[in-house]
Amino acid sequence: MTFTYAVPEEWEMPACGRLARVPLGKGASVGIVAETGVKFPEGLKEVKPLLELLPEDLSLKPTLLRVFEWAVGHYLTPPGEVLRTFLPPGLFKSTAAKGERARPRAPMIGFGEAVAPSLTEAQRVAIADILELRESFQPFLLQGITGSGKTEVYLRLCEELLQRGRSALILVPEIALTPQTVGRFAARFGDAVGSYHSGMTEAQRLQTWWGAQSGRLKVLVGTRSALCLPLVDLGLIVVDEEHDSSYKQEERFRYHARDLAVVRAKEEGIPVVLGSATPSIETMENTARGKYRLLKLPLRATAGTLPKIQLVDLKLEPADPETMMSPTLTEKLEAVLARGEQALLFLNRRGFAPYLLCRGCGEVPNCPNCEIALTFHKRPAGMVCHYCEFHQKPPDVCASCGAIEIQPMGTGTEKIEEVLQKRYPQTRLARLDRDVASGRQRTEEILSSFAAGELDLLIGTQLVAKGHDFKRLTLVGILLADSTLNQPDFRAAERLFQIVTQVAGRAGRHDLPGEVVLQTFRPTHYAVTSALAQDPEAFFQHERVYREEASYPPFHRVVLLKLSGTQSPRVEQASEKLAEDLVVLFGRHSEVRVLGPAKASMEKLRGKYRWQVMLRTSKFEGMRRVLEEKLPYFEAQLPAGVTLHVDVDPIGVF
Ligand SMILES: [Zn+2]
Ligand SMILES: [Zn+2]
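Sequence order as written defines the numbering, with residues in each chain counted from 1. Throughout, the order in which chains and ligands are written sets their labels, letters from A for the former and numbers from 1 for the latter. Residues qualify for local features only when their pLDDT is at least 70, as the model is predicted, and side-chain atom pairs are given and counted only at 80 or more; totals for whole chains, interfaces and linings, by contrast, use all residues.

1. A look at helix 7 (residues 202-213)
(1) Moving on: Starting at the N terminus, helices and strands are each numbered in turn, a helix being any DSSP run of H or I of at least four residues and a strand any DSSP run of E of at least two. Here the expected span of a helix is defined as 1.5 Å times the quantity of residues minus one. Taking 1.5 Å of rise per residue, the 12 residues of helix 7 would be expected to cover 16 Å, and the 16 Å separating its terminal C-alpha atoms lies within 8% of that figure.
(2) Moving on: Among the 12 residues of helix 7, nine are classified as buried, and the element is accordingly described as predominantly covered.
(3) Moving on: Buried, partly exposed and exposed are defined by the number of other C-beta atoms within 10 Å of a residue's own C-beta, namely 20 or more, between the two limits, and 12 or fewer respectively, with C-beta atoms placed from the backbone. Among the residues making up helix 7, those that are buried are Arg 205, Leu 206, Gln 207, Thr 208, Trp 209, Trp 210, Gly 211, Ala 212 and Gln 213.
(4) Moving on: Phi turns positive, to about 90°, at Gly 215, one or two residues after helix 7.

2. Topic: the sheet that holds strand 16 (residues 391-392)
(1) Moving on: For two strands to pair, DSSP has to find at least two bridges joining them. On the basis of which strands lie adjacent, the open sheet formed by three strands has the order 14-15-16 and antiparallel pairing. Each edge of the open sheet carries a strand with a single partner, namely strand 14 (375-377) and strand 16.

3. A few points about the nonpolar core
(1) Moving on: Each nonpolar core comprises buried Ala, Val, Leu, Ile, Met, Phe, Trp, Tyr and Cys residues, the members being joined through C-beta atoms within 7 Å. By size, the foremost hydrophobic cluster in this structure holds 98 residues, and its most contacted members are Leu 169, Ile 170, Leu 171, Leu 220 and Ala 261.
(2) Moving on: Among the elements that take part in this core, helix 5 (residues 150-163) stands out by supplying six residues, more than any other.
(3) Moving on: Ignoring anything within four residues of it in the chain, the contact list for Ala 261 reads Leu 171, Leu 227, Ile 237, Val 239 and Val 272.
(4) Moving on: Counting residues in each nonpolar core, the second largest holds 50 residues, with Ile 281, Phe 346, Leu 420 and Leu 458 among its members. By definition, residue pairs are in contact when their C-beta atoms, positioned from the backbone, come within 7 Å.

4. A short note on the environment of Thr 151
(1) Moving on: Topologically, Thr 151 is positioned in helix 5.
(2) Moving on: For the pair Thr 151 and Thr 278, spaced 127 residues apart in sequence, the C-alpha to C-alpha distance is 15 Å.
(3) Moving on: Setting aside chain neighbours within four positions, we find Thr 151 in contact with Thr 181 and Arg 184.

5. As for the pairing of strand 20 (residues 473-478)
(1) Moving on: Counting buried positions over the six residues of strand 20 gives six, a clear majority of the element.
(2) Moving on: Direction of pairing for strand 12 (residues 342-346) relative to strand 20: parallel, over a ladder of five bridges. What sits directly across from Ala 343, in strand 20, is Leu 475.
(3) Moving on: Where strand 20 meets strand 21 (residues 515-520), four bridges bridge the pair, whose relative direction is parallel. Directly across from Leu 475, in strand 21, lies its bridge partner Glu 515.
(4) Moving on: A clockwise path from the first strand over the helix to the second, with the strands pointing away from the viewer, defines a right-handed crossover. For the segment spanning strand 20, helix 13 (residues 492-504) and strand 21, crossover handedness is right-handed.

As structure tokens, then:
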């Protein structure tokens with residue numbers, strides 16, 4: 001929220017961006033001076049005075065203030081949410097800012113080589129192109145195939161910037177899944193490197209923030225919340241794996257860190273590099289239109305070549321229901337294990353079985369909060385909701401008919417692990433999904449023992465798809481490519497293409513050739529055929545036609561107005577009223593389409609009923625301004641117990 005305070009007469013007028021202790025309610029809080037010289041607010045008898053100005057060296061830089069302002073407007077979100085997201089929580093505790101800065105921090109442990117490998121020609125060209133534009137704003141798409149050495153490009157850019165006395169910000173999707181990336185920066189730059197992510201304590205985050213603000217840290221590697229760290233003399237922003245959906249925050253302040261990184265780079269007047277093997281359709285389109293400059297890394301940096309992908313049509317060659325593996329995949333797996341190499345099996349479904357079924361009456365136990373089937377887990381035994389974490393013991397008898405024949409149906413990663421371990425007792429095998437990887441340490445343990453060759457076979461969900469580098473991995477099996485396609489989401493095909501390419505890219509990155517077996521029921525879908533041909537350009541050309549015809553991004557912008565509440569009829573009525581109001585509001589604007597109201601794809605989630613109204617437009621700014629003006633009215637109209645959230649440029653299904 002923005003509040004107005006008086007500056008005591010004997011003080012000098014503080015600059016915008018200065019932190020100040022202010023009275024708030026019965027206590028005090030720390031705020032930021034957003035504007036000075038404002039008129040005395042109407043309807044108020046008095047404004048309270050500021051209590052204290054925090055030291056000037058804690059002030060926010062004007063560029064960051066402008067980024068915050070842009071975010072408040074674009075995402076139609078309250079300023080307080082933006083500050084809460086981008087400033088370390090410790091900063092708002094009125095005394096914290098002083099004590100923390102002197103404390104030495106634990107040294108970062110780097111693994112990976114401290115000596116830089118030699119560069120390929122494509123890497124050299126990319127680096128030279130980016131450095132040429134060091135003093136001006138320019139977004140780059142660094143499109144490098146998996147294993148082409150994008151991280152080495154980032155490292156060299158940082159090296160050059162450090163020599164010029166400037167700093168760099170590197171965003172990565174998830175720190176826990178990419179400890180290798182952080183490690184490589186630490187190995188190269190030692191004490192000048194810091195990291196920042198939500199897994200850190202308040203004190204650690206405050207220290208990193210202060211390290212950036214004071215100029216001690218020159219290279220920061222962090223997740224989306226690191227985007228607005230106040231680095232001194234920032235010279236470059238990198239968004240690695242720019243297509244990754246974890247850059248989008250899905251609650252409260254629903255921003256996209258990639259898009260906001262481009263905004264920050266513009267404010268700072270510096271280059272921003274978006275790296276990916278499978279760029280998002282938005283970024284591809286911006287590149288096609290010449291807004292972003294394309295840099296390609298078409299070859300693998302190491303000896304490896306891209307793996308061969310073999311398609312298995314599950315209609316013609318059915319998979320074993322226990323393992324979900326076709327005879328082709330089984331045969332290849334056995335050969336790889338016999339040769340002492342490594343294999344990875346990917347399935348986007350954790351747990352033992354997707355649901356339990358009563359053989360007596362057909363009843364499927366559902367989550368009481370979300371009304372979808374509970375996933376059966378064997379160890380520890382339980383039925384778990386993957387949306388709200390609700391869990392209960394599996395029943396001994398059916399709750400509706402009393403029969404005792406209750407069977408797990410279908411296959412998840414836990415079951416595959418069990419069946420394969422029985423079938424290949426000599427094989428050293430592990431599973432990596434959110435059930436085993438709830439702790440960051442366990443994830444790292446599994447990944448590093450696989451990397452060290454202490455495991456032969458790894459079975460996992462998308463956790464295994466990210467940028468890991470395994471030297472002896474020669475076979476990747478994608479058990480069911482289609483599972484992503486069946487989601488009611490205009491990005492389903494894009495997601496399928498990306499995940500298949502990323503998982504396949506784990507194989508054969510070094511001297512051993514890699515092979516991928518892709519199992520699917522839809523072998524002719526363009527996402528499958530382009531992934532098979534390893535051709536992102538072909539996928540993009542196909543996908544953009546569909547997006548344009550259907551009026552989806554990047555051709556139109558989408559805003560979702562999401563309503564939720566515990567009482568179904570109220571939410572439904574409120575969304576009907578909202579949709580009617582929006583039709584009236586935008587009736588004269590033919591470029592705005594109002595769709596809905598519609599039930600969310602998960603109609604009930606965590607005990608709340610959810611509806612949504614979708615707005616699509618080719619002229620976003622005009623629509624945004626109208627919405628900004630009318631939102632307080634819409635919010636005031638809501639019946640008790642119903643809340644409204646605005647999601648500008650949504651990426652997931654609601
Ligand atoms: Zn029953
Ligand atoms: Zn649930």
